[in-house]
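Residues per chain, in single letters:
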Amino acid sequence: MIQGVQIDMLSSDRLSRMTSMEKIRLILDDVRQGYIVVLEKGLTPEEQGKLLESTMMEISPGGFSGIEIETYPSTSGSEGGLFSKLFGGGKTPAGRLMVIGPVDQLKMLTREKDRLIAWASAAQ
Amino acid sequence: MAVMMRIKGFFSKLFGKKRSRVGIYGPPNAGKTTLANRIVRDVTGEAIGPVSEVPHETRRARRKEGVEINSGGSKLLIDIVDTPGVTTKIDYHEFLEYGMDQDEAVARAREATEGVAEAMHWLREDIDGVIYVLDSTQDPFMHVNIMMIGIIESRKLPVIIVANKIDLPDAAPQRIRSAFPQHPVVMVSGLEGNNMDDLYGKISEVFR
């Protein structure tokens, strides 16, 4: 039997056909099963807020403890904003790549200038 | 929607500006309640809520209405809403390290998750402006901060970033200023009361 962590990579085409709540439901269902989800196109700020709110409503002591999330944004979009300072180019991104996983398995998720680093472990 | 906004604007001008609800947001243990207490005490002599070193001491948003901010001869009336620390994860085991028994830690975790969900909902529905509080001794580039500032920007809410805890030896408030160049950053110590006049001046300017 194979042991490891399942990584679901969701294309922007698939995400574009889904409503915000469908995306959030899919992400949380996957993460609660112990999968790591990689979105080719990140969530909008509004969707991120809803994801955070939904995550909080599903945390249960002794069970699901929440998510780790990190974004590698694109450099397209309007000028200004935090990401322009972080990644240069003077543009605010729409969000290009987003990694989300269960906090008890995605031990460390960090962003450097042009890469995301994830350390994952299989469920206990 | 645009018509409703125009009507709202017309009545605001006619009957005076509505009182702004200013939410104090930020990650856990950034000093949000200490700062809220400082602001409310300076104005009313009361406190808004208890503080402690245990994360998620504030688990329900607390509101103080009609706080009058005086700065540079101008007055501004705001409602202060102190919110639980925003995070993407809450594990009750964390609270056991502070000497709580399991039942107490589990109850605290449940209350904290409900409080954060409520605070996020309010950010969408009920808040007119944000004071985003960061601990100057911590890395400001954490994803939760980036995400929250993104949400605040997308909602076009006026925001002041507070670089708090400048009284601590490890404080590096300039790091926060360089992380958020597009927003006003005020460096304060909510605990010691340093630079509070600068903050009141900025509140009067940004939330008017």
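Residues numbered from 1 in each chain as written. Chains lettered and ligands numbered in written order. Predicted model: local features only at pLDDT ≥ 70, side-chain atom pairs only at ≥ 80, totals over all residues. Heavy atoms only, no water.

As annotated in an unreviewed UniProt entry, chain A carries the name DUF2073 domain-containing protein and is attributed to Methanorbis furvi.

Re the sheet that holds strand β2 (residues 36–39) of chain A
All names here are of chain A. Across the sheet, which stays open at both edges, the four strands sit in the order β1-β2-β4-β3 with mixed pairing between neighbours. The open sheet terminates on both sides in strands that have one partner only, identified here as β1 (7–10) and β3 (67–72). For this sheet, the mean inter-axis angle between neighbouring strands, taken without regard to orientation, is 15°. Pairing geometry for β1 and β2, over four bridges, is parallel. Bridging across to β2, M9 finds its partner in V38. (Pairing = 2+ DSSP bridges. Helix = DSSP H or I, 4+ residues; strand = E, 2+ residues; numbered from the N terminus. Axes fitted to C-alpha atoms, helices over the stretch in contact; angles between N-to-C directions.)

Looking at the confidence of the model for chain A
All names here are of chain A. Counting all residues, the mean pLDDT for chain A is 81, and 79% of those residues have values of 70 or more. At the level of individual helices and strands, chain A shows its lowest average pLDDT in helix α4 (residues 82–87), which scores 47, and its highest in helix α2 (residues 20–32), which scores 96. Between residues 76–81, whose pLDDT stays under 50, and residues either more than four places distant or in other chains, the model counts 17 contacts. Note that residues 83–93 has pLDDT below 50 and, in this model, 38 contacts with residues that lie over four places away or in other chains. (pLDDT = per-residue confidence, 0-100. Contact = heavy atoms within 4.5 Å.)

Brief notes about the sheet that holds strand β3 (residues 74–82) of chain B
All names here are of chain B. The strand order β2-β3-β1-β4-β5-β6 describes an open sheet built from six strands, whose pairing is mixed. Of all the strands in the sheet, just β2 (62–71) and β6 (185–187) have a single pairing partner and so form its edges. In this sheet, neighbouring strand axes are inclined to one another by 30° on average, regardless of whether the strands run parallel or antiparallel. Against the sheet, helix α4 (residues 102–125) engages β1 (20–25), β2, β3 and β4 (129–135), with an angle of about 140° to β1.

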